[in-house]
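Descriptive analysis of the structure
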2 protein chains.
Amino acid sequence: MQTSQLRVAVAGKAALAASRRLALLPRADKDAALLSLADALEAATDRIVAANGKDLARGESAGMPDSLQDRLRLTPERVAAIAQALRDLAALPDPVGEVVRGSTLANGLQVTQVRVPMGVVGMIYEARPNVTVDAAGLGLKSGNAMILRGGSAAASTNAALVETMREGLTRLGLPADTVQLLNGGREDVTALITARGLIDLVIPRGGADLIQTVVTQSTVPVIETGVGNCHVYIDAAADLDMALAIAVNSKTHRPSVCNAAESLLVHQKVAADFLPKVLAELGGAGVLLHTDEQASAAAEAAGAAYEPVTDEDWATEHLAMEMSVGVVPSLDAALDHIALYGTQHTEAIVTQDRAAARRFTAEVDAAVVTVNASTRFTDGGEFGFGAEIGISTQKLHARGPMALQELTSTKWIVNGDGQIRV
Amino acid sequence: MQTSQLRVAVAGKAALAASRRLALLPRADKDAALLSLADALEAATDRIVAANGKDLARGESAGMPDSLQDRLRLTPERVAAIAQALRDLAALPDPVGEVVRGSTLANGLQVTQVRVPMGVVGMIYEARPNVTVDAAGLGLKSGNAMILRGGSAAASTNAALVETMREGLTRLGLPADTVQLLNGGREDVTALITARGLIDLVIPRGGADLIQTVVTQSTVPVIETGVGNCHVYIDAAADLDMALAIAVNSKTHRPSVCNAAESLLVHQKVAADFLPKVLAELGGAGVLLHTDEQASAAAEAAGAAYEPVTDEDWATEHLAMEMSVGVVPSLDAALDHIALYGTQHTEAIVTQDRAAARRFTAEVDAAVVTVNASTRFTDGGEFGFGAEIGISTQKLHARGPMALQELTSTKWIVNGDGQIRV
């Protein structure tokens, strides 16, 4: 057995033992633990910020871009925000034990489906330290033991965060193995995603390459997250002021995340009115436009930076201040375009026409379909889940923002008084 | 591209086109189609029974055991029962469009989670022809296009059934590709389970080897079904008459299926009273007993056939008239035994003690946990689902009997009036 496999096997068995205790913990104990861990993290601010400093120094000398350094950086204020997220989790309802459905059968059997924890959840992610604490907290609240594999760029930070939480759990008499950290190389990822029978679920969160590797190589059940080639379609019957605000917000509010829009489709009936305004505003905000013929002319007139759009552009999740823009002859053409290029994440229509909105919401196959609102609302926090462990773009088990409920399975309880099959 | 991959690619694209129409079909149209297909199958009884005769003749000359020939055999009565199952499906509620949850957010956005079809579902199963029609009917009702890969032993029968249904769909103006049959060899299975992006879900249904192959090699999301090493635990506080009936029914009512019990654990406090009765009855029914020391003595005294139980016996799903029997010193020992050997399918306790029942239902990690009832009730029909496409033994998406609801995903619909993120 290779070292990584052995390490994952040991971690998996320790996590199983922890998960069996977590599954039976009453909500009050879990909430008290979350509040206590929040205090412990704040009390350890100096240690955490110092560890983070090591990661930042390593990143800087390795030429890490400023935007990534910013994502990695922890300040006392950011540590406080991370701790606060655990307190917010304590205030949310406990999904475990919720009765999903049930009935009394003709033979008198009482059949009840209740939520139970998944068990042991593996999480593979990149260099955002807040994910480490969010995942541990969501796991604890939903009764799951978490095995975390964060990005190597955040190794020292993650070690300090996880050690602080493990020490806090031990002080409370709870299993430290509620949260474990794998710090080995790529082979740890391979060992984790092939540890069938030890790991109940793996959630990859990060770039398209990471997710592709996990979903194709894993023998453990996976929830695919995140690639969002999201479209905003401006219908013939759109309110054009609303359309302008939604298109610009969807693209520019936070271009580096999966619910940012990548493509803008404009119905030809409103293109002559709408394109000059929207392209001037997008161009003025610094968005590089990838434009079809009509949009190119409008971009030229508006003085916005543009390039002719290619098939590859339409298929690309830029995650940057770039947007593909084109004119479509009809709602049908927009639906076809989205079916061809979309990644089933978030798709938006702007329209005042009820029939168009009904067709768009019925026919677009995506986790979230939005009418007259920014694509940026696809988010666990925005949806009122209080937290988020990722956004599922698959259809099995969870679709869209995932939080506590999505970290649970169910169990059927059958109560009888001697029933047998006849 | 290999032939099988090409065949699956073509089938997958045809299924996608069909699924896009099915997703929008109103319930009335789907129910009318189910009733019409039921009539078409009955009208084609001669053709179906003749095709089945070819499979039976091939099986007989290949030395197929009688029990398998019986599973494969179709009579006019069995064809009528298969057709009736489609009519029963028509009477069930449509899962598509059901609102799962929703809310109005503080910013006025209306957020609604609704059930939608999975899309394209692959199903791999063995030689039971009724599964072919059940799967097609469940797919149609839930708005999914089905790609079926049945056992080669039933190839002629399945072809006749699927052709009859495809002709019926065409007559109704519905897409024939609502149901397709792959009749190639093993390589068709491999092509199907690696057609990521074309197939939304694969459900394997059959023996442990088939399921193991699919779950470890698939890159398409899978729902694992079926292996059931189910236990009946007779607690110290059991009503022993009830315990006798439940133990015997769980083992002998239909020993070849996954919800049949394979092991009997008896608390030592009642072992001296209970073992002689239960082993005499099991032995008398023709069950070969695999017994620990105390149970061996009781089996000897009862004149029942027995062998000393091995670790391998405890881990085996016999699917036959065999049962492992042992005495445990406590409820804890029973829970540990089930955690070690169980397959998370169905586990039963017989007890009059509320505390024991509460611990057992809380601590046993299984799809179905039963108190004072036979393990044989783990079944979609028995649970009132009206149909069943398999019994999931995994935790992701579906756990326990799966029917129409388990063949759906969800979609979030967000309705706004111009909201943007600030």
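What counts, and at which threshold
Residues numbered from 1 in each chain as written. Chains lettered and ligands numbered in written order. Predicted model: local features only at pLDDT ≥ 70, side-chain atom pairs only at ≥ 80, totals over all residues. Heavy atoms only, no water. UniProt positions renumbered as here; feature names shortened; annotations may be inferred. Contact = heavy atoms within 4.5 Å. Buried area = accessible area lost by both parts, 1.4 Å probe. Salt bridge = Lys/Arg side-chain N within 4 Å of Asp/Glu carboxyl O. Polar contact = N/O pair within 3.5 Å; in protein donor to acceptor, adjacent residues only side chain to side chain. Helix = DSSP H or I, 4+ residues; strand = E, 2+ residues; numbered from the N terminus. Nonpolar A, V, L, I, M, F, W, Y, C, P; charged D, E, K, R; others polar. Pairing = 2+ DSSP bridges. Expected span 1.5 Å × (residues − 1). Buried < 20%, exposed > 50% of the residue type's maximum accessible area, 1.4 Å probe, protein only. Arc of directions from axis to C-beta.

Per an unreviewed UniProt entry, chain A carries the name Gamma-glutamyl phosphate reductase and comes from Luteipulveratus mongoliensis. Among the UniProt annotations of chain A, the heading Pathway (unreviewed entry) holds the following wording: "Amino-acid biosynthesis; L-proline biosynthesis; L-glutamate 5-semialdehyde from L-glutamate: step 2/2." For the record of chain A, the UniProt heading Function (unreviewed entry) holds the text "Catalyzes the NADPH-dependent reduction of L-glutamate 5-phosphate into L-glutamate 5-semialdehyde and phosphate. The product spontaneously undergoes cyclization to form 1-pyrroline-5-carboxylate."

Things to note about the interface of chain B and chain A
Between chain B and chain A, the contact holds 69 residues from the first and 70 residues from the second. A combined buried area of about 5800 Å² lies between chain B and chain A, and 54% of that area is made up of carbon and sulfur atoms. Among the residues of chain B in contact with chain A, Leu396(B), Trp412(B) and Arg421(B) are the three that bury the most area, contributing 15% of the side total. On the surface where chain B and chain A come into contact, there are eight salt bridges. A salt bridge links Arg101(B) to Glu406(A); the nearest nitrogen and oxygen atoms lie 2.8 Å apart. The tally of links between chain B and chain A comes to 41 residue pairs in polar contact (both at pLDDT 80 or more). Elements represented by at least two residues in the side of chain B that touches chain A include exactly β2 (110-117), α9 (208-217), α10 (240-252), α15 (354-363), β13 (368-373), β15 (400-402) and β16 (408-419) of chain B. For the side of chain B that touches chain A, the leading source of residues is β16(B), giving eleven residues. For the side of chain B that touches chain A, the class distribution of residues is 33 nonpolar, 21 polar and 15 charged. By the bridge criterion, five bridges tie strand β13 (residues 368-373) of chain A to β16(B) in an arrangement that is parallel. Bridged to Val369(A) within β16(B) is Ile413(B).

Considerations on helix α5 (residues 76-90) of chain A
Residues and elements named next belong to chain A. Between its first and last C-alpha, α5 extends 22 Å over 15 residues, near the 21 Å set by a 1.5 Å rise per residue. Every buried residue of α5 is listed here: Val 79, Ile 82, Ala 83, Leu 86, Arg 87, Leu 89 and Ala 90. An end-on view of α5 places all buried positions within 160° of arc, on one side of the element. Packed against the buried residues of α5 are α2 (27-43), α3 (45-61) and α6 (129-141).

Focus: the pairing of strand β6 (residues 201-205) of chain A
All names here are of chain A. Of all five residues making up β6, five are buried, and the element is well covered by its neighbours. The alternating pattern of β6 places Leu 201, Ile 203 and Arg 205 and Val 202 and Pro 204 on opposite faces, both of which are buried. Alignment of strand β3 (residues 120-125) against β6, held across five bridges, turns out to be parallel. If you follow Val 121 over to β6, its bridge partner there is Leu 201.

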